[in-house]
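# A structural walkthrough
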Amino acid sequence: MTRVNTIRIPGLATGMDTDTVVKQMLVGEQNKIDKVKQKEQIVKWQQEIYRDVMKDLKNINDKYFSVTSKDSIVSSKAWNTLSVQSSNSSVMSATSRAGADNIHYNFEVNKIAEPAKIVSSKDNLDKSSKLADLGAKIGESFKISVGKDDKGNTLYSNPIKIESSDTIESLVDKINSNGNGKIKASYSTMTGNFSIESLDTGSNSNIEIISEDGSQSNSLAFLGLKTKKYKTNADGSFVLDSKNEPGFDMVDFSGIASGSNSYIKVSGDDGFSKVINEQKNNFSIDGIDYSIYNKGTSEITSKKDTTKALDNMKGFVQDYNKIMDKMYSLITEKSKKDYQPLTEEQKKDMSEEEVKKWEANAKKGILRNDSEMRRFINDMQNAIFGDNIKVLSEMGVTSPQDYNKKGQISLNEDKFTKSLEYNSDKVYKLFTKDKSSIMGKMNDILNKNIGGSSSIFARKAGLERTSSVVKNFYSEQIKRQEDMIKNLQRKMDTKENALYKKFADLEASMNKLNSQMSYFMQA
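Structural notes, computed from the coordinates. (Residues numbered from 1 in each chain as written. Predicted model: local features only at pLDDT ≥ 70, side-chain atom pairs only at ≥ 80, totals over all residues. Heavy atoms only, no water.)

## Thoughts on the side chain of Ser-219
For clarity, the threshold we go by: In DSSP terms, a helix is any run of H or I states spanning at least four residues, a strand is any run of E spanning at least two, and both are numbered starting from the N terminus. We define a polar contact as two N or O atoms separated by no more than 3.5 Å, with the added condition that, inside protein, one atom must be a possible hydrogen donor and the other a possible acceptor, whereas residues neighbouring each other in sequence contribute only through side-chain atom pairs. Contacts were defined at the residue level, with two residues in contact if any of their heavy atoms lie within 4.5 Å.
Structurally, the position occupied by Ser-219 is in the loop between strand S10 (206-210) and strand S11 (226-230). In this structure the side chain of Ser-219 is engaged in a polar contact, spanning 2.6 Å, whose partner is the side chain of Ser-217. With residues near it in sequence (within four places) discarded, Ser-219 still touches Glu-140, Ser-141, Phe-142 and Ile-162.

Take a look at the structure:
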């Protein structure tokens, strides 16, 4: 009980235990406070349980529904059922996506895709060489193309001005700092060459040097710039040299330099053969992602391997069922009416272990029939099964027969493995391909309920590291209970002080009476 500063006289004259009497007279008021505190404690427990559930759901979301997670179940690689090998990983490598078929190809890389590039041909260049001494026009400005925008318009660097103090090294720095990260200038001490190249590769990549007015610029002509030009036939195909490789010449840079595509020969076991000309050294064909590194030969083969896809699914089902079981238990378990939150007085008479056991029973059933949790479970169940019951059953994915396992998933590993082996593309499309897939719908439900401060569960219990952590349904209830407790406490304190004043007056009267009696007895 809260005490205020006042003089309290023990019952010396009356012989009464004033504190005990006052406490007994305030039992009704204390009971009102204890009942509100018990309600407050129940709300606090409800909030704690809700936040614990939200934490579990967020862990599932981060682990399985993030494409960057190693356990992601929403990326196509998670449903990959092919293991792809390269006989020469220094030349190329390959990985498969969901739904890809077995492959066996022989690759001969005669040429990789190259960026647009211009190189100096002037002798005796050094990084400290002054541009003025090399013949540069001091004060001249130029711009370099850095690619195209979404509409196909050419983009250029910021203007680059040649100054009297400039050297090869400072020219490199100026170009790189003004090129928006789309071009790269460099100087090689080994070769003594200055060069500029685009970051993009292929025939669509270009380097163009213009004046500020848009006309062709010869600002860097003093370096004797040259570029590689591949020989092509009338149809645009490469002219092959004596080594059966695309031939080229180093020609003078005439204002625009272009990159070039790859030249890769591919053959298969059935006599199939073709030439691949790709803009980039990373490309995809028939669900296989290829990466080209160098010229050379490599044999690319594959074999069926459902282990990782099956393990991913098993892990997800296990974690998902665990949280569904937890939530369903919370909304169906019956409360124990005989176990209410303990008052401070009650705790004083109990051991720490007894308090712990009591509170565990008191927490049971406090979220029984919670509408938000029940709706979440139903939404998840509909997202998984909905109209997919028959096709999922064929794949070995069913809803448990036990009604106590509502919302959970039952996985027949043998059936699911066969589906992955013989129809992995169908499995991938059903589960993960887009937002209308099973995982897409589940992800939407998770975002709707725990995706931010305005999500359903956040508005009810508060989501950590968002504004809802202090502004939510439960926190507002707790605040109301706290205000009620303060109000009741003030009323009890007022009554307590009034009672002590009455007993103090009674003590004073009894002392006066005793004094009078003593006087008469002595007379």
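Additional details are given in the paragraphs that follow.
## A short note on helix H8 (residues 371-384)
Put simply, the rule reads: Here a helix's expected span is defined as the number of its residues, less one, multiplied by 1.5 Å. Each residue gets one of three labels from its accessible area relative to the maximum for its type: buried under 20%, exposed over 50%, partly exposed in between, using a 1.4 Å probe on protein chains only.
Between its terminal C-alpha atoms H8 stretches 20 Å, which fits the 20 Å expected from 14 residues at 1.5 Å a residue. Buried within H8 are the following residues: Glu-372, Met-373, Phe-376, Ile-377, Met-380, Gln-381, Ala-383 and Ile-384. Taken from the residues just after H8, Gly-386 is the one with a positive phi, measuring 40 degrees.

## A closer look at the environment of His-104
Note on placement: His-104 falls in strand S3 (residues 104-111). Overall, His-104 belongs to the partly exposed group, its relative accessible area being 28%. Not counting chain neighbours up to four residues away, the residues in contact with His-104 comprise Ser-267, Gly-268, Asp-269, Glu-299, Ile-300 and Thr-301. A polar side-chain atom of His-104 sits 2.7 Å from a polar atom in the side chain of Asp-269. Within the structure, the side chain of His-104 is placed 2.4 Å from the side chain of Glu-299, a separation counted as a polar contact.

## Let's talk about the nonpolar core
We count it as follows: Take the buried residues of types Ala, Val, Leu, Ile, Met, Phe, Trp, Tyr and Cys, join any two whose side-chain atoms come within 4.5 Å, and each joined set is a nonpolar core.
Counting residues in hydrophobic clusters, the biggest one holds 61 residues, and the most contacted among them are Trp-79, Phe-316, Met-327, Phe-416, Phe-431, Met-442 and Phe-457. For this core, the elements supplying multiple residues, two or more each, are helix H2 (27-64), helix H5 (307-332), H8, helix H9 (389-395), helix H10 (413-431), helix H11 (438-450), helix H12 (456-461) and helix H13 (473-522). Ranked by the residues each element gives to this core, the list is headed by H5, at 12 residues. Excluding its chain neighbours within four sequence positions, the residues that come into contact with Phe-457 are Tyr-50, Met-54, Leu-57, Met-327, Glu-372, Met-373, Phe-376, Asn-449, Ile-450 and Gly-462. In this structure, Val-146, Ile-196, Leu-220 and Leu-223 belong to the second largest nonpolar core, which totals 28 residues.

## Examining the pattern of salt bridges
Which entries qualify depends on this criterion: Here a salt bridge means any side-chain nitrogen of Lys or Arg lying within 4 Å of a carboxyl oxygen belonging to Asp or Glu.
Scanning all chains against the criterion turns up 22 salt bridges. With its nearest N and O atoms 2.8 Å apart, the salt bridge here joins Lys-58 to Asp-62. With Lys-58 and Asp-62 both in helix H2, this residue pair falls 4 residues apart, about one helical turn. For Glu-359, the salt bridge is made with Lys-347, and the minimal N-O distance between the two is 3.7 Å. With a gap of 12 residues between them, Glu-359 in helix H7 (residues 352-362) and Lys-347 in helix H6 (residues 344-348) connect regions that are remote in the sequence. Residue Lys-347 is classed as partly exposed on the basis of its relative accessible area, which comes to 27%. Salt bridges linked by common partners bring Asp-52, Asp-56 and Lys-326 together as one network.

All we've got here are geometric facts, nothing functional implied.
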